Amino acid sequence: MKKNSIKTPSLTDALIPIIALVIMMGSAVYLYGDSSSFGPNQIALLLGAGLAAIIGMKNGHKWKDIEQGIVNGISMSLGACLILLAVGALIGTWMLAGTVPTLIYYGLDLLNPSFFYAATCLICAVVAMSIGSSWTTAATVGVALLGVSSGMGMSAAITAGAVVSGSYFGDKISPLSETTNLAPAVAGTDLFEHIRYMLWTTIPSFVIAVILFVFLGFSETGMEKVERIEQMQVLLSESFELGWHMLVPLILLLTLAVRKMPAFPAVSIGALVGALWAVLFQQDVVLSMANPDDSAAIGVLKTVWTSMYDGVSFSTPDENLNSLLSRGGMSSMLNTIWLIICAMSFGAVLEKVGLLKRAVST
């Protein structure tokens, strides 16, 4: 029997798709800027995977085997994709239920002019942990806090450092974060175990940062009343029913996590409880988003259902607050899932045809 001859890839073979991907990704950022992750990067990854597949077939690999390798590679990330969809639904229902607005409201209560920098770090950590996004936190609450620091005559650079420190800490330990979900899925471990091990490095660094911000805050003088933060709290209290009972969905999710329930069912249960809380405690908010032509029951059902697959959109006099609250839904995760599938395809081809092994063994 004649056996199919497979050549060992050369270093040039291994580097060609990697260099090509770097060039294409750089071009995508140059041409599309911040929008590069909404399509251009995915195309670059798929073209890189195609180039690697061509090199693999040149070396004797069959397309059928390469395709199976892609399928196996993508299958490793499907668990994370399911969790991301559940997280999208959870964010939508928690926004509608007032759970996230309550977290933000009480987080803002931590702000004291005497400990402004440390409080800024803690507030951003709470918000980022509750919504699972460091960039959204920095771009909304962070921007508002920078405006407050300017009005109080405080250092914008130190405030920005506090915003980034808190936002990234909250994002890294949040079970709602996209990257925090993806990392353990690719590595083949459990989400909450991944978070637990990250705490060994994130908590010490965060504590050190907060202590430094406390000392830096004592050196500041001439601080004025934080009117912008108070305005945001007033808008939150006017728009939602707030209270500690609104944190029950969060407490339930944390309880399930402590009891080591797998992430997908735990987050899904949290999303459903959030939907129930929206119906029970935020009827005015839910009905304000409903179609006036629908009956009350149908309007509530459609609004809550929509929050799970397409998120929610709020309209208040504060644009920063609107940007913070108007998010969620499974649809908000589809671009990330698309990027994950393309990235896993590229990596799977490199591994299947031996290019990855050849590149790292040099």
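Novice: Any chance you could explain the nonpolar core here in plain terms?
Specialist: Grouped burial of nonpolar side chains is what soluble globular proteins tend to show. Formed by 88 residues in total, the largest nonpolar core has its most connected members in Met-95 and Leu-325. With 15 residues, the top contributor of residues to this core is helix α3 (residues 63-97). Not counting residues up to four positions away in its chain, the partners in contact with Leu-325 are Met-95, Pro-101, Ile-104, Leu-236, Phe-240, Val-312 and Phe-314.

Novice: Looking at this model, I keep getting lost on the environment of Leu-85. Mind explaining?
Specialist: Here Leu-85 lies in helix α3. Residues Leu-85 and Phe-264, spaced 179 residues apart in sequence, show a C-alpha to C-alpha distance of 9.1 Å. The contact partners of Leu-85, leaving out residues within four places of it in the chain, are Met-330, Leu-334 and Ile-337.

Novice: Would you mind showing me how to read the packing of aromatic side chains here?
Specialist: For the coordinates displayed, the defined rule picks out 4 aromatic pairs. Taken together, a centroid distance of 4.0 Å and an interplanar angle of 10° make the contact between Phe-169 and Phe-206 stacked. Within this pair, whereas Phe-169 is found in helix α8 (residues 156-172), its partner Phe-206 is found in helix α10 (residues 191-218), the two being separated by 37 residues in sequence. Each member of the pair Phe-169 and Phe-206 is classed as buried.

Novice: Hey, could you run me through a nonpolar patch on the surface in this one?
Specialist: On the surface, a cluster of nonpolar side chains totalling about 580 Å² of accessible area is made up of Phe-115, Ile-203, Val-207, Ile-211, Phe-215 and Phe-218. Overall, Phe-215 belongs to the exposed group, its relative accessible area being 60%.

Novice: What am I meant to see in the confidence of the model for the protein here?
Specialist: Fine structural detail should not be taken from predicted coordinates in areas where pLDDT scores are low. Considering every residue of the protein, the mean pLDDT works out to 83; 88% of them sit at 70 or more. When pLDDT is averaged over each helix and strand of the protein, the minimum, 64, is found for helix α7 (residues 141-151) and the maximum, 94, for helix α2 (residues 40-58).

Novice: Help me understand the pattern of salt bridges in this model?
Specialist: Pairing is possible between side chains of opposite charge, provided their charged atoms come close. Taken as a whole, this structure holds 3 salt bridges when the rule is applied. In this structure, Lys-58 engages Asp-13 in a salt bridge whose closest nitrogen and oxygen atoms are separated by 3.5 Å. Here Asp-13 lies in helix α1 (residues 11-32) and Lys-58 lies in helix α2, a separation of 45 residues in the sequence. A relative accessible area of 49% places Lys-58 in the partly exposed class. In this structure, the salt-bridge partner of Lys-302 is Asp-294, at a minimum N-O distance of 3.0 Å. The exposure class of Asp-294 is partly exposed, given its relative accessible area of 25%.

Novice: Honestly, the state of the cysteines in this entry has me stumped. Any pointers?
Specialist: The term disulfide refers to a covalent linkage connecting the sulfur atoms of a pair of cysteines. Counted by the stated rule, this structure contains 0 disulfides. Cys-124 forms no disulfide, and the closest cysteine sulfur to it belongs to Cys-121, at a distance of 7.4 Å. Residue Cys-124 is classed as buried on the basis of its relative accessible area, which comes to 0%.

Novice: Help me understand helix α17 (residues 334-352) in this model?
Specialist: Counted at 1.5 Å a residue, the expected span for α17 with its 19 residues is 27 Å, and the 26 Å between its end C-alpha atoms agrees. Among all positions of α17, only Asn-335, Thr-336, Ile-337, Ile-340, Cys-342, Met-344, Ser-345, Phe-346, Ala-348, Val-349 and Leu-350 are buried. Downstream of α17 by a residue or two, Gly-354 has a phi angle that is positive, lying close to 85°.

Novice: Hey, could you run me through the packing of α8 against α10 in this one?
Specialist: Each pair of packed helices can be summarised by the angle the axes make with each other and by the distance between the axes. Two elements in contact, α8 and α10, have axes separated by 11 Å at closest approach and are oriented at 155°. Relative to α10, α8 is oriented roughly antiparallel. Where α8 crosses over α10, the handedness of that crossing is left-handed. Across the interface between the two elements, Ile-158, Gly-161, Ala-162, Ser-165, Gly-166, Phe-169 and Lys-172 of α8 pack against Met-198, Thr-202, Ile-203, Phe-206, Phe-213 and Leu-216 of α10. Class assignment for the residues of the contact of α8 with α10 results in 8 nonpolar, 4 polar and 1 charged.

Novice: Sorry, what's going on with the packing of α2 against α17 here?
Specialist: Contact geometry for α2 and α17: axes closest at 8 Å, N-to-C directions at 20°. Put simply, α2 runs roughly parallel to α17. At the point where α2 passes α17, the crossing takes the left-handed sense. In this structure, α2 contributes Asn-41, Gln-42, Leu-45, Leu-46, Gly-48, Ala-49, Ala-52 and Ala-53 to the contact, and α17 contributes Asn-335, Trp-338, Leu-339, Cys-342, Ala-343, Ser-345, Phe-346, Val-349 and Leu-350. Of the residues contributing to the contact of α2 with α17, the split by class is 12 nonpolar, 5 polar and no charged.

Thresholds applied
- Residues numbered from 1 in each chain as written.
- Predicted model: local features only at pLDDT ≥ 70, side-chain atom pairs only at ≥ 80, totals over all residues.
- Heavy atoms only, no water.
- Core = buried A, V, L, I, M, F, W, Y, C linked by side-chain atoms within 4.5 Å.
- Buried < 20%, exposed > 50% of the residue type's maximum accessible area, 1.4 Å probe, protein only.
- Helix = DSSP H or I, 4+ residues; strand = E, 2+ residues; numbered from the N terminus.
- Contact = heavy atoms within 4.5 Å.
- Phe/Tyr/Trp six-rings, centres within 6.5 Å; stacked < 30°, edge-to-face > 60°.
- Patch = residues over 30% accessible without salt bridge, like charges linked within 9 Å, V, L, I, M, F, W, Y side chains within 5 Å.
- Areas by Shrake-Rupley, 256 points an atom, 1.4 Å probe, with all protein chains shown as cover.
- Salt bridge = Lys/Arg side-chain N within 4 Å of Asp/Glu carboxyl O.
- pLDDT = per-residue confidence, 0-100.
- Disulfide = S-S within 2.5 Å.
- Expected span 1.5 Å × (residues − 1).
- Axes fitted to C-alpha atoms, helices over the stretch in contact; angles between N-to-C directions.
- Parallel < 35°, antiparallel > 145°, perpendicular 65-115°, else oblique.
- Left-handed = near helix turned anticlockwise from the far one by under 90°.
- Nonpolar A, V, L, I, M, F, W, Y, C, P; charged D, E, K, R; others polar.

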